[in-house]
Amino acid sequence: MLVNVGDKVHYMRRRLFKEQPKRHHIGEVVATEDGVMRVRSVLFMGSQMSGQFTRMGDFADRFAMLVDSLTLVTVLPADFDVASGTLLVEQGVVSVTDGRHKLVVDQIS
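First, a word on what this report is: a plain description of the structure on this page. (Residues numbered from 1 in each chain as written. Predicted model: local features only at pLDDT ≥ 70, side-chain atom pairs only at ≥ 80, totals over all residues. Heavy atoms only, no water.)

With the rule as written, the count across this model stands at eight salt bridges. When the shortest N-O distance is used, the salt bridge between Asp 61 and Arg 38 registers 2.9 Å. Of this pair, Asp 61 sits in strand β4 (residues 53-65) while Arg 38 sits in strand β3 (residues 36-46), and the two are 23 residues apart along the sequence. Exposure remark for Asp 61: the relative accessible area of 28% places this residue in the partly exposed category. (Salt bridge = Lys/Arg side-chain N within 4 Å of Asp/Glu carboxyl O. Helix = DSSP H or I, 4+ residues; strand = E, 2+ residues; numbered from the N terminus. Buried < 20%, exposed > 50% of the residue type's maximum accessible area, 1.4 Å probe, protein only.)

As C-alpha cells, this is what we get:
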C-alpha cells in the first residue's frame, strides 16, 4: 500500500463543479484496506468569497478512496504536527503548514 498506518496526510477531493466548496483534510492514517484509508482528520472548508480556509470542528475519523481520480493525497513529513496543521493561501497558492513544514497542495482558480 502506498499509504500506511501512521502516515500524516493532506487530502482533498477534486471539485466536479466550480460552485462546489473546496474541502481539505489534514490528519493521520489509522487504517487502510482495499484502496480505502481511514484518517483521523480535521476538515478545512474554502470560502468562495474570501479565498481563505476555515477549520471546521475537531478531529474525526473519515474515509477516503485511494483508487479514484477525484481524491488527491499528499503524504506529509513524518514529524508534521497535524494538531497544528492549517492551510495558508498566498497569491492563489494553497499550502499546508504546521509552522515548520510548508507544502503546496492546491491553487485557487
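Moving on: the nonpolar core. Membership of the largest hydrophobic core is limited to 12 residues, which are Ile 26, Val 42, Phe 44, Phe 53, Leu 76, Phe 80, Val 82, Leu 87, Val 89, Val 94, Val 96 and Val 105. Discounting chain neighbours no more than four positions away, the residues touching Val 105 are His 10, Met 12, His 24, Thr 74, Leu 87, Val 94, Ser 95 and Val 96. Residues Val 3, Val 9, Val 29 and Ala 64 belong to the second largest nonpolar core, which totals seven residues. (Core = buried A, V, L, I, M, F, W, Y, C linked by side-chain atoms within 4.5 Å. Contact = heavy atoms within 4.5 Å.)

Bringing the sheet that holds strand β1 (residues 8-13) into the picture now. Pairing is antiparallel in the open sheet, where five strands are placed in the order β4-β3-β2-β1-β5. Of all strands in the sheet, those with a lone pairing partner are β4 and β5 (71-75), marking the two edges. Across the sheet, the mean angle separating the axes of adjacent strands is 30° when strand polarity is ignored. For β3 and β4, the ladder comprises 10 bridges, and the chain directions are antiparallel. Its bridge partner being in β4, Arg 40 is matched across the sheet by Asp 61. (Pairing = 2+ DSSP bridges. Axes fitted to C-alpha atoms, helices over the stretch in contact; angles between N-to-C directions.)

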